[in-house]
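# An overview of the molecular structure
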Amino acid sequence: QVQLVESGGGLVQAGGSLRLSCAASGSIFSINAMGWYRQAPGKQRELVAAITSGGTPNYADSVKGRFTISRDNAKNTVYLQMNSLKSEDTAVYYCNANIVSYTRWVPYDYWGQGTQVTVSS
């Protein structure tokens, strides 16, 4: 069984910062890409940022220059540092990881439970 547990969401004023964390645990053989998605009310879930196992990041245009994704492979953890937050960043943020587990043995996308980020203007 594999689990992704997120932390770090909350309420922040516009212009402020938050740092999200997501730790993967369980019967993990290897982790490929990890990333963050978000879903605002009435909107589809969208990719915010992703990072390869080698550390190459990719960002949505809307967050470039403000958000930074990173990972600690030794801890099976991915982070999202969010600076200069705007009201339009308000959403539920979901962690995603493509993982090969000891029980499945093929790459599979796992999701966290989501963490609310609210930016007040």
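Bear in mind the structure is a predicted one, so any value in this text is a computation, not a measurement.

## Brief notes about the nonpolar core
W36, L80, M82, Y93 and I99 are the most contacted members of the largest nonpolar core, which totals 31 residues. Those elements that provide at least two residues to this core are strand 1 (2-7), strand 3 (18-26), strand 4 (28-39), strand 5 (46-51), strand 7 (67-72), strand 8 (77-82), strand 9 (91-101) and strand 11 (115-120). If one sorts the elements of this core by residue count, strand 9 sits on top with five residues. Setting aside chain neighbours within four positions, we find M82 in contact with G16, S17, L18, L20, R66, F67, Y93 and V117.

## A few points about the environment of A14
Looking at the secondary structure, you find A14 in the loop between strand 2 (10-13) and strand 3. By relative accessible area, which is 42% here, A14 ends up partly exposed. Separated by 71 residues in sequence, A14 and L85 place their C-alpha atoms 5.3 Å apart.

## A short note on the packing of aromatic side chains
Overall, the coordinates contain five aromatic pairs when judged by the stated rule. Here F29 and Y102 contribute two aromatic rings whose centre-to-centre distance is 5.7 Å and whose plane-to-plane angle is 80°, an arrangement assigned as edge-to-face. Here F29, found in strand 4, pairs with Y102, found in the loop between strand 9 and strand 10 (108-111); they are 73 residues apart in sequence, far enough to count as distant. Classification of F29 as partly exposed rests on a relative accessible area of 47%. Taken together, the aromatic side chains of F29, Y102 and W105 make up a single cluster linked through ring pairs. Above the face of the Y79 ring, R19 is positioned so that its terminal group lies 4.1 Å from the ring centre. In this structure, R45 is placed above the aromatic ring of Y94, and the distance from its NZ or CZ to the ring centre is 3.8 Å.

About the criteria used
- Residues numbered from 1 in each chain as written.
- Predicted model: local features only at pLDDT ≥ 70, side-chain atom pairs only at ≥ 80, totals over all residues.
- Heavy atoms only, no water.
- Core = buried A, V, L, I, M, F, W, Y, C linked by side-chain atoms within 4.5 Å.
- Buried < 20%, exposed > 50% of the residue type's maximum accessible area, 1.4 Å probe, protein only.
- Helix = DSSP H or I, 4+ residues; strand = E, 2+ residues; numbered from the N terminus.
- Contact = heavy atoms within 4.5 Å.
- Phe/Tyr/Trp six-rings, centres within 6.5 Å; stacked < 30°, edge-to-face > 60°.
- Lys NZ or Arg CZ within 6 Å of the ring centre and 35° of its normal.

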